[in-house]
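The lines below spell out each chain.
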Amino acid sequence: MILKKLTIVFVLISFFALLVLGCDKDEDSPTAPTQGSRFTNNIEHAAVYLNLETGDTVSVWDVAFVQGVVGQYPKFLLNGGYSGSKGWWSAQVATRYEETNSVPDTSLWEQDINDTVLAIGGRGTWARYDVTTHNFIGRDTVTFILRCDAYRWVKFQPTLAKSLDSAVVFRYAFSDSINWTTRTIYWGTTVVDSIQHAVPNVPYGYRFGIGQVSQSQWHFAMTTVWYPTPALHGAVKYPYGRLNKKDGMFCAWVNQTYDQVTSVPSNVNWITDSDTLATGWLFYYDTGPTSNHRLTPWNKTLLLKQQSSGPVWKISFDDYYDNRNVWGYVTYRFARL
């Protein structure tokens, strides 16, 4: 493992040296890296979003607030549609925030597909208009349960939207665990926060646990989902990928190693995300009776491209464990073909 880390450090140093020496003085020349090797944060706890042009991870908004002119009903966008394709769903429940502890019925879940029909409430559903202050006051018995994939649940309630200074106040809490037998959600500590200085009819994004964020470009995300394992009589958090459909991302698996892929094969079958996720599982998990239940790399390469005529990248997922043998930390390589 030490040798592996030294090798990666050497590769990174060599890469950045080549990057510096290879740049000319032409201001129009691209400065973003075309290849590299990276470690991610632990994707078991939060998704990691990658910008392949820069090789960086970016912070992507979960919910966006849109303030209208004075007296106009404010809106919330949920990042599950065209604006970001992050995958959020919402269920509106008629209970007080403190009493919202049950998994919603399947029929209550909605997704903000087109950024026009809002998943978290239409006009008059979550707030009432105060004709004296011109503010919108959150209703006590309207709470939203939001989910992004199987690992990330949030209890969310807007409490105040100020028309005059374009600010919204809300509270939320992350789920600690879910008891699927009793369909009970156990919530963590409630956070009270706000989005300030919104320009009328311009979305201002917010990421739960992070705060207000700007619009960020991402191509590919790595995250986890609960996956049943018969051999363990339970489930593990299994890593998978997500594409940014808004920006026209497509992918294809090819049965070649990372080093073997030097150009785009002519017979590639490009696909994009669906409910089953086009990228599929990022690592191989052996559920057999003699398995050590460790995730190992596939002997194949993921290709990603943006739009029909955009650049193509190759990605190799090399490890799912850090140097302490803790899972969730992905080591990957990428290069632009």
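Structure: above.
What you see is a predicted model; the values in this text were computed from it and never measured.

> I tried to follow the nonpolar core on my own but got confused; where do I start?
Side chains of nonpolar character tend, in soluble globular proteins, to be buried together. Ranked by size, the top nonpolar core spans 24 residues in total, and within it Phe220, Met222, Leu304, Ile315, Phe317, Val330 and Tyr332 carry the most contacts. Mapped onto this core, the elements with two or more residues apiece are strand 2 (48-51), strand 17 (220-229), strand 18 (234-243), strand 19 (249-254), strand 20 (283-285), strand 22 (301-306), strand 23 (312-321) and strand 24 (327-336). Sort the elements by how many residues they give to this core and strand 23 lands first, with 5 residues. By size, the runner-up hydrophobic cluster in this structure holds 22 residues, among which are Val63, Leu78, Trp126 and Ala161.

> Help me understand the sheet that holds strand 5 (residues 75-78), please; the structure alone is not making it clear to me.
Hydrogen bonds between backbone groups are what pair the strands of a sheet, and the pairing can be parallel or antiparallel. Taking strand neighbours across the sheet as the criterion, the 4 strands line up as 5-4-15-16 in an open arrangement whose pairing is antiparallel. Strands with a single pairing partner mark the edges of an open sheet, and in this sheet they are strand 5 and strand 16 (211-213). Put simply, the sheet's adjacent strands are angled 35 degrees from each other on average, direction ignored. Here 3 bridges tie strand 15 (residues 204-207) to strand 16, and the two strands are oriented antiparallel to one another. In the sheet register, Tyr206 faces strand 16, and the bridge partner there is Gln212.

> Teacher, can you tell me more about unusual backbone geometry here?
With the exception of glycine, most residues fall at negative phi, and the peptide bonds are largely trans. A positive phi angle, near 55 degrees, is found at Arg183, a position not held by glycine. Relative to the assigned elements, Arg183 resides in the loop between strand 12 (167-179) and strand 13 (184-187). Phi at Asn325 is positive, roughly 70 degrees, even though this residue is not glycine. Mapped onto the elements, Asn325 comes out in the loop between strand 23 and strand 24.

Cut-offs used in this document
- Residues numbered from 1 in each chain as written.
- Predicted model: local features only at pLDDT ≥ 70, side-chain atom pairs only at ≥ 80, totals over all residues.
- Heavy atoms only, no water.
- Core = buried A, V, L, I, M, F, W, Y, C linked by side-chain atoms within 4.5 Å.
- Buried < 20%, exposed > 50% of the residue type's maximum accessible area, 1.4 Å probe, protein only.
- Helix = DSSP H or I, 4+ residues; strand = E, 2+ residues; numbered from the N terminus.
- Pairing = 2+ DSSP bridges.
- Axes fitted to C-alpha atoms, helices over the stretch in contact; angles between N-to-C directions.

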